[in-house]
Amino acid sequence: MNNAGIKENLADYEFDILNKTHWKRMSLEDRRPLCYFLEQIYELGVSAQDGRLPSWIEDHIISTNAAMGRPMESIIDLYRRYGNECSNFIEKAVERQCPWAA
């Protein structure tokens, strides 16, 4: 949503992770989902750029037939684009000097 420039009602969220004041109020438990997200983005970014996916994702895609007949290369490209969009979001957080993005 952020990358697409879609404005959201921040009142719908308990925390705005791009807001330094909100970040300071968050407990470690509140920060955990963001940590998992960043870890996933890193893993996807490294893997997809090498033309593969982490084995756990590839195994899931194969076992559930999530590709629905599409070539694995198109799925890898989807994850590559996802990783790039998330990286853009992180760059914006760095520009805003968010502690988690430093």
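Residues numbered from 1 in each chain as written. Predicted model: local features only at pLDDT ≥ 70, side-chain atom pairs only at ≥ 80, totals over all residues. Heavy atoms only, no water.

Peer 1: Quick question: what am I supposed to make of helix α4 (residues 72–95) here?
Peer 2: Note that an α-helix has 3.6 residues per turn; residues three or four places apart therefore point the same way. For α4, with 24 residues, the first-to-last C-alpha span of 35 Å sits near the 34 Å given by 1.5 Å per residue. For α4, the set of buried residues is I75, I76, G83, C86, F89, I90 and A93. In the segment just after α4, Q97 is the residue with positive phi, at about 60°. (Helix = DSSP H or I, 4+ residues; strand = E, 2+ residues; numbered from the N terminus. Expected span 1.5 Å × (residues − 1). Buried < 20%, exposed > 50% of the residue type's maximum accessible area, 1.4 Å probe, protein only.)

Peer 1: I tried to follow the environment of G5 on my own but got confused; where do I start?
Peer 2: Within the fold, G5 resides in the segment before α1 (20–25). Once the C-alpha coordinates of G5 and I17 are considered, the two residues, twelve residues apart in sequence, prove to be 16 Å apart.

Peer 1: Just checking my understanding: could you explain the packing of helix α3 (residues 55–64) against α4 for this structure?
Peer 2: One can describe the packing of α3 onto α4 by two numbers: an axis separation of 12 Å at closest approach and a directional angle of 130°. Considered as vectors, α3 and α4 are oriented oblique to each other. In the crossing of α3 with α4, the sense of the turn from one axis to the other is right-handed. Every residue of α4 that contacts α3 at I57, E58, I61 and I62 is listed here: M72, I75 and Y79. In the contact of α3 with α4, the residues fall into six nonpolar, no polar and one charged. (Axes fitted to C-alpha atoms, helices over the stretch in contact; angles between N-to-C directions. Parallel < 35°, antiparallel > 145°, perpendicular 65-115°, else oblique. Left-handed = near helix turned anticlockwise from the far one by under 90°. Contact = heavy atoms within 4.5 Å. Nonpolar A, V, L, I, M, F, W, Y, C, P; charged D, E, K, R; others polar.)

Peer 1: Would you mind going over the packing of aromatic side chains with me for this structure?
Peer 2: One pair of aromatic rings is described through two measures. These are the centre distance and the angle between the planes. By the definition in use, this model includes one aromatic pair. Pairing F89 with W100 gives two aromatic rings, centres 6.1 Å apart and planes at 25°, and the pair type is stacked. Taken together, the positions of F89 in helix α4 and W100 in the segment after α4 put the pair eleven residues apart, joining distant regions of the chain. Of the two residues, F89 and W100, both sit in the buried class. (Phe/Tyr/Trp six-rings, centres within 6.5 Å; stacked < 30°, edge-to-face > 60°.)

Peer 1: Sorry, what's going on with the side chain of R31 here?
Peer 2: Within the fold, R31 resides in helix α2 (residues 28–49). No salt bridge forms around the buried R31; measuring N to O, its nearest opposite-charge neighbour D30 is 7.4 Å away. Of the polar contacts made by the side chain of R31, one reaches the backbone oxygen of W23; its length is 2.8 Å. If sequence neighbours within four positions are ignored, R31 has contacts with W23, K24 and M26. (Lys, Arg positive; Asp, Glu negative; His and termini not counted. Salt bridge = Lys/Arg side-chain N within 4 Å of Asp/Glu carboxyl O. Polar contact = N/O pair within 3.5 Å; in protein donor to acceptor, adjacent residues only side chain to side chain.)

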